Protein chains: 2
Amino acid sequence: MHLSIDAMSGDRGPAVVVDAVRDALGADRSLAVTLVGDEPALRSHLKPTDQLGTQLRIQHASEVVTMHDAPAEALRRKKDSSMRVAVNLVGGGDASACISAGNTGALMATAKFVLKTRPDIDRPAIVAEIPARQNRVFMLDLGANTDCSVDMLHQFARLGAEVSSAIAGVARPRIALLNIGEEQGKGNDVIRDAAARFEDDSAVNYVGFVEGNRLFDDVADVIVTDGFSGNVALKTMEGTAALVADFLRDAFNRSTGSRLRGLIARPVLRRLKARVDPRHYNGAVFAGLNGVVVKSHGGADAVAFRHAIDTAVLECRAGMAAALSQQTDRE
Amino acid sequence: MHLSIDAMSGDRGPAVVVDAVRDALGADRSLAVTLVGDEPALRSHLKPTDQLGTQLRIQHASEVVTMHDAPAEALRRKKDSSMRVAVNLVGGGDASACISAGNTGALMATAKFVLKTRPDIDRPAIVAEIPARQNRVFMLDLGANTDCSVDMLHQFARLGAEVSSAIAGVARPRIALLNIGEEQGKGNDVIRDAAARFEDDSAVNYVGFVEGNRLFDDVADVIVTDGFSGNVALKTMEGTAALVADFLRDAFNRSTGSRLRGLIARPVLRRLKARVDPRHYNGAVFAGLNGVVVKSHGGADAVAFRHAIDTAVLECRAGMAAALSQQTDRE
């Protein structure tokens, strides 16, 4: 298993990427990584114990895509960017997957251009795990496609099921459609038509509509929606969790007495913090491409980036298993 | 100020409504309320100190709209429902506003049929306050209109500003459009065109796009969006807050030690709970009608219902002030 990693595009620079890679390589000796980026900079972040060789390589790239680059511009003008070179390594078959913490639009445009969209898919989608009470829940599309047809939503159902199986090991993922009510007539034409299509397709384990307040309740393993609503839901989750955390901090900081109570409650609050830690959900999959591309959050630290690496590894393993079973079927 | 209140349609029945009304009438002697519903049932909830007279009346209605009634059916077949009679009292000019905790779709259909939509508005919208760090934030549409034109979003901006001024007293409310990025080109055609329209209209104090994670950050007083995204955002907030609360409870219940820490932290956690208490946000305004209609949450208790009453009173006061100033302008 060989990953190509864009080490330059994250907000925190290559240091966190190198740390996460060191950690991942130490944990899995069968893993190999090519760090892509400015070679002198990357070398300066290596420790004496980090030996370049079969497990760890550096591929020089002279440019970096910034958050301000328009996707089309990044694609056309920065052909030697760390992002582009990392994706090229997957396109050329040298790497099984690539990871980047860079500009989402530029990464999607680059991935589509280099790897091409799968023949059975109209438009790739962004899939990520959201926190939940019991099960592991994946949602798509999270922002790649603002307007979606019934065909696209149908394809998203299949892509989401693939990711749920690959990453969470769910054999027959339950699929729900995000809607503004659970009753049959709710929503707009596209959603109602998509529901009918899901019901007719025995390959889709469709369980019905789900509303925003029940996303976390073990009603489905995959939530399908258009990229606008999905992005709104994902970011509203982030904002609400941060708001409640701030209110909690305010409540404990209100007086000397409440600060003391906070000191006593601290071990418990740390456990809560660990459970809602967004770093454990880092790593969105660009699904529907001929190749595995994982997008890390721009602000990821080493722990978060490590999670994105693990996501890429699981996606690759599932892809290899699928390819093997297809080959076996043919033989 | 005279309110007509549908006392029958909430999940908890008339008892909570009668309690909330008693509380509101005690606090404001200039307020009058007509309770609408089954007269014997309503009388059975009155206390000996609740005197029927000028401040408190009962208007009998023989039917109740249920959560399962389709809006059109409720409108056509239940002409003597507590909901319909309560709205009729506003339509006939006997009451200044009505409040119902019933079926949202039926209430909107009834309100539109009886009160009619304002001549300057295409479609009424549902507006409610969302929790925020500093300022008071109102969002619309929360589910009345799944697909919205640029004209409708433009009207929502005006309606939202009216509600913000009426309820939070903001003189020139800042208006933002919910989007999946803050940069100019983000979103779909309708949103980009709406942004251009808002910028051109000096009556709209437009401040730009806002993403789901910044709704609570004092960037705007009014968030404008279509009813699909608005409903998704609102319910995702509810679900996320409940999820974090559950995780917090789990963390404190994990062991005897953490339960002890929880006992010590309890006064602080109560303060947090009070701050995110959804009862303080109860009462959505149906904006854009010729008359004030406030929708309470179906499961509202007396505290929550009281908040819906206060919302109706503030809306009425603002309406009266506006009518007075128009009259003064004319004289």
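Caption draft 1: Highlighting the sheet that holds strand 10 (residues 284-287) of chain B. Residues and elements named next belong to chain B. Spatially, 3-2-1-4-11-10-5-6-9-7-8 is the arrangement adopted by the 11 strands of the open sheet, whose pairing is mixed. Taken across any chain shown, the strands that pair with only one partner, and hence form the sheet edges, are strand 3 (56-60) and strand 8 (206-210). Across the sheet, the axes of successive neighbouring strands diverge by a mean angle of 25°, strand direction being ignored. Summarising the sheet, strand 7 (residues 175-178) and strand 8 pair through 4 bridges and their orientation is parallel. Directly across from Leu178, in strand 8, lies its bridge partner Val210. The sheet strands contacting helix 5 (residues 104-115) are strand 4 (97-100), strand 5 (125-130), strand 10 and strand 11 (292-295), and the helix crosses strand 11 at an angle near 175°. Strands in contact with helix 7 (residues 189-200) are strand 7, strand 8 and strand 9 (222-224); relative to strand 7, the strand with the most contacts, it is inclined by about 170°.

Caption draft 2: Focus on the environment of Asp50 of chain B. Residue and element names in this part refer to chain B. The residue Asp50 is located in the loop between helix 2 (39-45) and strand 3 in this model. For Asp50 and Val18, which are 32 residues apart along the polypeptide, the C-alpha to C-alpha distance reads 9.6 Å. Those residues in contact with Asp50 that sit more than four places away from it in its chain are Arg22, His45 and Leu56. In terms of polar contacts, Asp50 uses its side chain to reach the side chain of Arg22, at 2.7 Å. Within the structure, Asp50 has its side chain in polar contact with the backbone nitrogen of Lys47 (distance 2.7 Å).

Caption draft 3: Main features of the interface of chain A and chain B. Taken together, the contacts link 51 residues of chain A with 52 residues of chain B. In total, chain A and chain B occlude about 4,700 Å² of area from one another, counting both sides; carbon and sulfur atoms represent 71% of this. Together, Ile180, Phe228 and Phe247 of chain A form the three largest contributors to the area buried by chain A at its contact with chain B, with a combined 15%. Counting the contacts that link chain A with chain B gives 6 salt bridges. Glu211 of chain A is paired through a salt bridge with Lys235 of chain B; the nearest N and O atoms lie 2.1 Å apart. Counting across the chain A and chain B interface gives 15 residue pairs in polar contact (both at pLDDT 80 or more). Counting only elements with at least two residues in the side of chain A that touches chain B, the list comes to helix 8 (227-252) and helix 9 (256-275) of chain A. For the side of chain A that touches chain B, the element with the highest residue contribution is helix 8 of chain A, accounting for 22 residues. Looking at the side of chain A that touches chain B, its residues break down into 26 nonpolar, 14 polar and 11 charged.

Caption draft 4: Geometry of the environment of Val137 of chain A. All names here are of chain A. Turning to its location among the elements, Val137 is positioned in strand 6 (residues 137-140). In sequence terms Val137 and Asp221 are 84 residues apart; their C-alpha atoms lie 4.6 Å from each other. Filtering out sequence-adjacent residues up to four positions away, Val137 remains in contact with Ala128, Glu129, Ile130, Ala132, Leu215, Ala220, Asp221 and Ile223.

Caption draft 5: Just the packing of aromatic side chains, in detail. Residue and element names in this part refer to chain A. Under the defined criterion, the tally for this structure stands at 2 aromatic pairs over all chains. Between Phe198 and Tyr206, the aromatic rings sit 5.4 Å apart at their centres with planes inclined by 85°, giving edge-to-face as the arrangement. For the pair shown, Phe198 and Tyr206 are each scored as buried. Here Lys116 stacks its cationic end above the ring of Phe113, 4.9 Å away from the centre of that ring.

Caption draft 6: Expanded view of the sheet that holds strand 10 (residues 284-287) of chain A. All names here are of chain A. Pairing is mixed in the open sheet, where 11 strands are placed in the order 3-2-1-4-11-10-5-6-9-7-8. In this open sheet, the two strands that pair with only one neighbour each are strand 3 (56-60) and strand 8 (206-210). Neighbour-to-neighbour, the strand axes of the sheet open up by a mean angle of 25°, direction not taken into account. Pairing analysis gives 5 bridges linking strand 1 (residues 2-6) to strand 2 (residues 32-37), with the strands arranged parallel.

Caption draft 7: Quick look at a nonpolar patch on the surface. On the surface, a cluster of nonpolar side chains totalling about 530 Å² of accessible area is made up of Leu260, Leu263 and Ile264 of chain A together with Leu260, Leu263 and Ile264 of chain B. At the level of elements, helix 9 of chain A together with helix 9 (256-275) of chain B are the ones that each hand at least two residues to the nonpolar patch. Among the secondary structure elements, Ile264 of chain B is positioned in helix 9. Classification of Ile264 of chain B by relative accessible area gives partly exposed; the value is 33%.

Caption draft 8: Representation of the relation of the copies chain A and chain B in the model. You can overlay chain A on chain B at an RMSD of 0.0 Å; the transform is a turn of 180° with a shift of 0.0 Å along its axis. Accordingly, the operation relating the two chain copies is best matched by a two-fold axis. Both copies share a contact surface, since 100% of the interface residues of chain A are interface residues in chain B too.

Caption draft 9: Broad picture of the packing of helix 6 (residues 150-168) of chain B against helix 7 of chain B. All names here are of chain B. Remark: helix 6 packs on helix 7, axes separated minimally by 9 Å, with the N-to-C direction vectors making an angle of 50°. Taken together, the axes of helix 6 and helix 7 lie oblique to each other. As helix 6 runs across helix 7, the sense of the crossing is right-handed. The residues of helix 7 that touch helix 6, namely those facing Val150, Asp151, Leu153, His154 and Ala157, are Val190, Asp193, Ala194, Arg197 and Phe198.

Caption draft 10: Structural context of the pattern of salt bridges. Scanning the entire structure with this criterion turns up 52 salt bridges over all chains. Arg133 of chain B is the partner of Asp217 of chain B in a salt bridge, and the nearest nitrogen-oxygen pair spans 2.5 Å. Note that Asp217 of chain B is positioned in the loop between strand 8 and strand 9 and Arg133 of chain B in the loop between strand 5 and strand 6 (137-140), a separation of 84 residues in sequence. For Arg214 of chain B, the salt bridge is made with Asp217 of chain B, and the minimal N-O distance between the two is 3.2 Å. The class for Arg214 of chain B is partly exposed, based on a relative accessible area of 32%. Connected via shared salt-bridge partners are Arg133, Glu182, Arg214 and Asp217 of chain A together with Asp246 and Arg249 of chain B.

Caption draft 11: View of the side chain of Thr236 of chain B. Looking at the element boundaries, Thr236 of chain B is found in helix 8 (residues 227-252). Residue Thr236 of chain B is classed as buried on the basis of its relative accessible area of 0%. Aside from chain neighbours lying at most four places away, what touches Thr236 of chain B is Gly212, Asn213, Leu215, Phe216, Ala233, Thr236 and Met237 of chain A.

Caption draft 12: How the structure looks around the nonpolar core. Among the nonpolar cores identified, the biggest contains 215 residues, and Leu3, Leu35 and Ile309 of chain A together with Leu3 and Ile309 of chain B are the most heavily contacted of them. The contacts of Ile309 of chain A, once residues within four sequence positions are left out, are Leu3, Ile5, Ala20, Val21, Ala24, Leu31 and Ile99 of chain A.

Caption draft 13: Spotlight on the pairing of strand 1 (residues 2-6) of chain B. Residues and elements named next belong to chain B. Of all 5 residues making up strand 1, 5 are buried, and the element is well covered by its neighbours. Both faces of strand 1 are covered, namely the face carrying His2, Ser4 and Asp6 and the face carrying Leu3 and Ile5. Following the backbone out of strand 1, through helix 1 (residues 14-27) and into the adjacent parallel strand 2 (residues 32-37), one traces a crossover that is right-handed. Judged from the 3 bridges that link them, strand 1 and strand 4 form a sheet pairing that is parallel. When the sheet's bridge partners are listed, Ile5 is paired in strand 4 with Ile99.

The rules behind each value
- For every chain, the first residue of the written sequence is number 1, and numbering continues from 1 onward in sequence order.
- Chains carry letters and ligands carry numbers; both start at the beginning, A for chains and 1 for ligands, and go up in the order they are written.
- Restriction of local features to residues with pLDDT of at least 70 applies here, the model being predicted, together with a cutoff of 80 or more for giving and counting side-chain atom pairs; totals for whole chains, interfaces and linings are based on all residues.
- Only heavy atoms go into the side-chain values, all of them from the structure, while hydrogens and water stay out.
- In this analysis, strands are considered paired if DSSP registers two or more bridges between them.
- Helix and strand assignments follow DSSP, with helices taken as H or I runs no shorter than four residues and strands as E runs no shorter than two, numbered in order from the N terminus.
- Lines fitted to C-alpha atoms define the axes here, with helix axes fitted over just the stretch in contact, and angles between the N-to-C directions of these axes take values from 0 to 180 degrees.
- Any pair of residues with heavy atoms lying within 4.5 Å of one another is described as a contacting pair.
- Within 3.5 Å is the distance limit for a polar contact, defined as a pair of N or O atoms, with the added protein rule that one can donate a hydrogen and the other accept it, and that residues adjacent in sequence qualify only through two side-chain atoms.
- Buried area is understood as the total, over both parts, of accessible area removed when two parts are fitted together, assessed with a 1.4 Å probe.
- Every case where a carboxyl oxygen of Asp or Glu lies within 4 Å of a side-chain nitrogen of Lys or Arg is listed as a salt bridge.
- Side-chain classes follow a simple rule in which Ala, Val, Leu, Ile, Met, Phe, Trp, Tyr, Cys and Pro form the nonpolar group, Asp, Glu, Lys and Arg form the charged group, and the remainder, Gly included, forms the polar group.
- What counts as a ring pair is set by centres within 6.5 Å for rings of Phe, Tyr and Trp (its six-membered ring), and what kind of pair is set by the plane angle: stacked under 30 degrees, edge-to-face over 60, tilted for all other angles.
- We call a residue buried when its accessible area falls under 20% of the maximum for its residue type, exposed when it is over 50%, and partly exposed in between, using a 1.4 Å probe and counting protein chains only.
- Look at NZ for Lys and CZ for Arg. If either is within 6 Å of the ring centre and within 35 degrees of the ring normal, a charge sits over the ring.
- The patches described consist of residues with a relative accessible area above 30% and no salt bridge, like charges being joined within 9 Å and nonpolar side chains (Val, Leu, Ile, Met, Phe, Trp, Tyr) within 5 Å.
- Every accessible area reported is derived by Shrake-Rupley at a probe size of 1.4 Å, with residue values counting cover from the shown protein chains alone.
- What sets the superposition is a least-squares fit of C-alpha atoms, and only residues with pLDDT of at least 70 in both copies go into it.
- In this scheme, roughly parallel covers angles under 35 degrees and roughly antiparallel covers those over 145, while 65 to 115 is roughly perpendicular and the rest are oblique.
- In this scheme the crossing of two helices becomes right-handed for a clockwise turn of the near helix relative to the far one and left-handed for an anticlockwise turn of less than a right angle.
- Nonpolar core, defined: a set of buried Ala, Val, Leu, Ile, Met, Phe, Trp, Tyr and Cys residues in which side-chain atoms within 4.5 Å join the residues together.
- Look down the strands so they point away from you; if going from the first strand over the helix to the second traces a clockwise path, that crossover is right-handed.

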